[in-house]
Amino acid sequence: MLNKVCVLGAGSTKYGRLNEGIIEIALDASIDAINSAGIAPKDIQAGYISNVFGVSDKQVHMAPVIMSNLGLPGVPGLTIESACGSGSIMFREAYANIAAGFYDCVLGLGVEKITHTGTIQSTTLFSYCSDFFYEGGNGASFPGLFASIARAYMAKYKASEEDLASVAVKNHENGILNPKAHVRKKITIDDVLKSPMVASPLKLYDCCPFSDGASAVILCNEDFAKKSGRPFVEVIGSGRGASSAAVQGRDDITTIPSTVAAATQAYKMAGITPKDIDFAEVHDCFTIAEIIDIEDLGFFKKGTGANAVREGSTSRTGEIPINPSGGLKSKGHPIGATGIGQVVEVFEQLTGKADQRTVRDAEIALTHNFGATGASAAVHIFKRAE
Amino acid sequence: MESKAKTGPQESPREKFIMAARRKKILAKKCSVCKHLMLATEYCCEKCSSREYETLELEGTGKVLTYTIQAVAPEGFEDAGSYAWVVFSIDGTDLRVSGFLPGVISPSTLPIGSRVMVSDYHPTHGLLLQKV
């Protein structure tokens, strides 16, 4: 029998180009989360840290450095890497350890610092997240991999470049309302279509930015959460999935098997269906990804996701709001932090701290985050505590 | 259980794949238990977990399934000019492979379904393709 797991606090730095070093960014978010939960650092029994490119800022073995600087040199930490899915996959491990009863209260912290490396170096580092022998090593960048997925999707389902652009326009509308978002700028379909080509058919505004940033949450068991007397959110579903690491290994390039598997597990554990979700934070590293995500998560039938976005079904006031935070596209994508940033958004939404971007009457929310082109994925479902 | 391989026993599966590509071939494995066909770089059958297999050299020809042309290339490809990164299906099989197709400037010149073939293995650009 698993223990119930709750999120008691959440904090985040601004996402964007940050001047501080990676450890300072990480500590800022951690202190925010500790304050949000109303706990003391000594209440934390373990630290789970997600990060990908720490080596570029001269720090690996990051967990003990962070724990030491939080005044917790004797508290065990673990650093987890799963490319762009590192945050949610780390959250799953933290969740599992609370659920299994190993700990009562832990820190889940995601952090990334990448903008200091410049566009070419960042593009190269990201390409190491692919199945390099077949992808990065044959010249594919990450925008290129998703562009190849977009081309296949557009050919199969007759989606247009305008359809992809409508995802970017919607997420930028949401991101304007998020004070911590990297790109707070209203854009039009025309802006997207006229932006420079990055990897055909994806243009600059189809792509999320390279971002620095950190997000942190405090996970605990139900007793610990209730004793705090503070508002909290319960984790009611958790799922992990995997896909062939290389795009070429998938029978259908227009779906991401790891998403489908993780979502199926999470819905089953929660005892709900996609219709019960009030809003979702999904992995929109590129506009095409959000269209595929909302189909793979069961919100829309295969091939109809683009139409749903165009008709406004996924806007903040639509049938199923997607990425009210602005998503990776506008809020930003510090890849080690992204999956935890989604949980921060859910926590703020479900505890009444999302201000202008609040999704009205939301009680149940889903987060979805994957690594690389979906080689690894995690889905979590959260419920506002009564 | 290897047979038909023209490479020496000392090379790794990836090295053997590269040597075959230099002969314009794709090196594959056929599972001896369930007959599943896979690229020779895989160690175990994903259908039945068997490690018993027959090595096959497939003609490196096929049809483009999808691709992209990038404005920003990763390090090592700065000198490559405009190129496409291509996923193609190998003729007569369900296998798919990815490669580097130089000289592609516009999507209008590479419709999905275009025919390509393996032409070599480039020391820095990987599995080299050419249009047929």
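The paragraphs below set out a description of the structure included in this document. (Residues numbered from 1 in each chain as written. Chains lettered and ligands numbered in written order. Predicted model: local features only at pLDDT ≥ 70, side-chain atom pairs only at ≥ 80, totals over all residues. Heavy atoms only, no water.)

## Some points on unusual backbone geometry
All names here are of chain A.
- Of the consecutive residues S200 and P201, the connecting peptide bond is found in the cis state with omega at 10°.
- Relative to the elements of secondary structure, P201 occurs in the loop between β5 (197–199) and β6 (202–203).
- In this structure, K58 is a non-glycine residue whose phi angle is positive, near 65°.
- The residue K58 is located in the loop between β2 (47–50) and α2 (62–69) in this model.
- Its identity as a non-glycine residue notwithstanding, H61 has a phi of 50°, on the positive side.
- Mapped onto the elements of the fold, H61 is located in the loop between β2 and α2.
- Residue classification places H61 among the exposed residues on the basis of a relative accessible area of 64%. (Helix = DSSP H or I, 4+ residues; strand = E, 2+ residues; numbered from the N terminus. Buried < 20%, exposed > 50% of the residue type's maximum accessible area, 1.4 Å probe, protein only.)

## What about the sheet that holds strand β3 (residues 53–59) of chain B?
All names here are of chain B.
- On the basis of which strands lie adjacent, the open sheet formed by three strands has the order β2-β1-β3 and antiparallel pairing. Edge positions in the sheet fall to β2 (37–39) and β3, since each has one partner strand and no second. In this sheet, adjacent strand axes meet at a mean angle of 40° when their direction is disregarded.
- Along the sheet, helix α1 (residues 13–22) makes contact with β1 (25–31), β2 and β3, crossing β1 at roughly 135°. (Pairing = 2+ DSSP bridges. Axes fitted to C-alpha atoms, helices over the stretch in contact; angles between N-to-C directions. Contact = heavy atoms within 4.5 Å.)

## Things to note about the interface of chain B and chain A
- The partner chain A presents 32 residues to the 31 residues of chain B that form the contact.
- When chain B packs against chain A, the two sides together hide about 2500 Å² of surface, and 55% of this comes from carbon and sulfur.
- The three residues of chain B that bury the most area against chain A are B:E75, B:W85 and B:R96, which together make up 26% of that side's buried surface.
- Inspection of the region where chain B meets chain A yields one salt bridge.
- A:D251 is the partner of B:R96 in a salt bridge, and the nearest nitrogen-oxygen pair spans 3.1 Å.
- On inspection of chain B and its partner chain A, the count reaches 17 residue pairs in polar contact (both at pLDDT 80 or more).
- Going through the elements one at a time, α1, β4 (61–69), β5 (83–90), β6 (96–102) and β8 (126–131) of chain B are the ones with two or more residues in the side of chain B that touches chain A.
- A class-by-class count of the residues in the side of chain B that touches chain A yields 19 nonpolar, nine polar and three charged. (Buried area = accessible area lost by both parts, 1.4 Å probe. Salt bridge = Lys/Arg side-chain N within 4 Å of Asp/Glu carboxyl O. Polar contact = N/O pair within 3.5 Å; in protein donor to acceptor, adjacent residues only side chain to side chain. Nonpolar A, V, L, I, M, F, W, Y, C, P; charged D, E, K, R; others polar.)

## Brief notes about the nonpolar core
- Of all hydrophobic cores here, the largest spans 65 residues; its most connected members are A:F146, A:Y267, A:I277, A:I288, A:F299, A:L366 and A:I381.
- When residues of this core are assigned to their parent elements, the largest contribution, nine residues, is made by helix α5 (residues 142–157) of chain A. (Core = buried A, V, L, I, M, F, W, Y, C linked by side-chain atoms within 4.5 Å.)

## Some remarks on the pairing of β1(B)
Residue and element names in this part refer to chain B.
- Counting buried positions along β1 gives six out of seven residues, so the element sits mostly inside the fold.
- Bridge analysis of β1 against β3 gives seven bridges, and the strand direction is antiparallel. Its bridge partner lying in β3, L27 is registered against E57.
- Two successive antiparallel strands, β1 and β2, enclose a turn made up of five residues, where K35 displays a positive phi of approximately 70°.

## Regarding the pairing of strand β7 (residues 115–122) of chain B
Residues and elements named next belong to chain B.
- Here β4 pairs with β7 via three bridges, running antiparallel. Bridge pairing in β7 links K63 to R115.
- As defined by bridge partners, β7 adjoins β8 across six bridges and the pair is classed as antiparallel. Paired with D120 across the two strands is L128, which belongs to β8.
- Connecting β7 to the antiparallel partner β8 that follows it, the hairpin turn spans three residues.

## Topic: the pattern of salt bridges
- Under the definition given, this model contains 19 salt bridges over all chains.
- One salt bridge in this structure joins A:K156 and A:D252, with 3.2 Å as the shortest N-O distance. Here A:K156 is found in helix α5, whereas its partner A:D252 is found in the loop between β8 (233–242) and α9 (257–270), with 96 residues between them in sequence.
- The partly exposed category is assigned to A:D252, whose relative accessible area is 23%.
- Note that B:R23 and B:E57 form a salt bridge whose closest N and O atoms lie 2.2 Å from each other. Residue B:R23 is found in the loop between α1 and β1, and its partner B:E57 is found in strand β3; the two are separated by 34 residues along the sequence.
- Its relative accessible area of 32% is what places B:R23 among the partly exposed residues.

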